[in-house]
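For reference, the chains in residue letters:
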Amino acid sequence: MNISGNIITLNEENNIAACIESMQSVCDDIVVVDSGSTDKTVEIAQRLGATVVHQAYLGDGIQKNVALSHTKHNWVLSLDADERLTPEMSLAISQLDLSSASVEGFSFRRQNMIGSRWIKQCGWYPDRCIRLYNTDKTRFADVKQHSSVQAKSVQEINADIIHFSFKNIGELFAKPGRNFSGRAAKIMYAKGKKANAFSPFLHGLNAFTRKYIFQRGFLGGVDGMTVALSSAINSYLKYAKLLEYQRDPSVTKQDDFNNIW
């Protein structure tokens with residue numbers, strides 16, 4: 001179909017094979033941009049025929065754009081290592097006439113999972129994202145966090161990819177404190193953003209209300225409550241850490257602000 005695949009990795013030996021194999025249903029060229037894996041990620045990717053590019057991590061969007069210097073085709077399918085094409089999505093992509101497509105990209109619905117449980121509330125579905133795009137016209141934004149394809153003309157595909165977001169509830173709660181909130185706080189601090197004593201509580205409350213009430217997390221039972229609480233904790237920690245950086249210079253000296261990533 002003349003589609004190239006694009007995956008960024010770091011120690012994804014448990015995911016990379018299934019991801020590549022699902023992409024091979026529509027891609028005849030797959031590029032893996034690895035940022036220093038110490039497990040078998042690179043070995044597995046090469047065994048499955050992928051081209052592996054070694055690149056120290058530059059941030060989300062920048063890293064995903066590294067592959068574009070190595071892909072063979074102008075249409076690129078980008079997945080994270082913990083994502084998979086469903087058979088329905090593979091079929092939908094195979095039926096596209098990309099040679100005459102006037103749009104810059106195609107958006108997919110995404111099923112976000114905790115373990116084997118599909119979370120349909122809290123804004124986790126349909127969670128549309130552009131993952132198939134024409135690199136002659138667009139690419140991922142060159143930003144370090146939560147990047148997306150900057151396409152102006154997009155066609156929706158009514159099929160799903162699967163995102164194995166978290167292995168279990170413990171991982172859902174561990175990741176915000178260990179990674180996302182700290183990185184976000186450092187970025188905000190570097191940009192000169194300010195927080196006050198009320199900011200952590202207010203942002204945490206707002207995040208919970210948005211997920212549980214407005215995005216109907218209450219319909220998801222325990223999982224809906226869990227996702228809303230996790231979002232609230234993540235938001236609370238982000239602003240609490242930002243406030244700590246402002247109030248306690250010794251903390252900024254301990255943390256590495258020269259290498260946020």
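Sequence order as written defines the numbering, with residues in each chain counted from 1. Whole-chain, interface and lining totals are the exception, using all residues; otherwise, since this is a predicted model, local features are given only for residues with pLDDT of at least 70 and side-chain atom pairs are given and counted only at 80 or more. Side-chain numbers come from the whole structure's heavy atoms, not from hydrogens or water.

Is there a simple way to explain the environment of Asp136 in this structure?
Helix and strand definitions here come from DSSP, where helices need a minimum of 4 consecutive H or I residues and strands a minimum of 2 consecutive E residues; each element is numbered from the N-terminal end. Structurally, Asp136 is set in the loop between strand E8 (129–134) and strand E9 (154–166). Put simply, Asp136 and Ser116 are 20 residues apart on the chain and 37 Å apart in space, counted from C-alpha to C-alpha. Among the polar contacts made by the side chain of Asp136, one reaches the side chain of Asn74 at a distance of 3.4 Å. We call two N or O atoms a polar contact when they sit within 3.5 Å, provided that within protein one can donate a hydrogen and the other can accept it, with sequence-adjacent residues counted only if both atoms are side-chain atoms.

Which parts of the structure should I look at to understand unusual backbone geometry?
Excluding glycine, residues mostly have negative phi values, and the peptide bonds linking residues are mostly trans. Here the amide bond leading from Tyr125 into Pro126 is cis, since omega sits at 10°, within 30 degrees of zero. Backbone geometry places Arg216, a non-glycine residue, at a positive phi of 60°. Note that Arg216 resides in the loop between helix H6 (199–214) and helix H7 (221–247). Exposure categories follow from relative accessible area, calculated using a 1.4 Å probe and restricted to protein chains: below 20% of the type maximum is buried, above 50% is exposed, and the middle band is partly exposed. For Arg216, a relative accessible area of 52% corresponds to the exposed category.

I keep staring at the packing of aromatic side chains and nothing clicks. Help me out?
Working definition: an aromatic ring pair is given by the centre-to-centre distance plus the angle between the planes. Centres within 6.5 Å make a pair out of two Phe, Tyr or Trp rings, where for Trp the six-membered ring is used; the pair is then stacked when the planes are under 30 degrees apart, edge-to-face when over 60, and tilted otherwise. Evaluation of the coordinates by the stated rule reveals seven aromatic pairs. Here Tyr133 and Phe140 contribute two aromatic rings whose centre-to-centre distance is 5.7 Å and whose plane-to-plane angle is 90°, an arrangement assigned as edge-to-face. On the basis of relative accessible area, Tyr133 is assigned to the buried category, the value being 0%. Aromatic side chains Tyr212 and Phe218 sit 6.3 Å apart centroid to centroid with 70° between the ring planes, which places their arrangement in the edge-to-face category.

Just to check I follow, could you spell out the pairing of strand E6 (residues 105–114) for this structure?
On any regular strand, side chains alternate: one points to one face of the sheet, the next to the other face. Within E6, nine of the ten residues are buried, leaving the element largely enclosed by the surrounding structure. In this sheet, E8 lies alongside E6 in antiparallel orientation, the contact comprising four bridges. The partner of Phe106 across the bridge, within E8, is Leu132. Two strands pair if DSSP finds at least two bridges between them. Here E6 pairs with E9 via eight bridges, running parallel. Within E9, the residue paired with Asn112 across the bridge is His163. As defined by bridge partners, E6 adjoins strand E7 (residues 117–118) across two bridges and the pair is classed as antiparallel. The partner of Ile114 across the bridge, within E7, is Arg117. Counted along the chain from E6 to the antiparallel partner E7, the turn is two residues long, and its residue Gly115 has a positive phi close to 65°.

No statement about biological role is implied by the geometric values presented.
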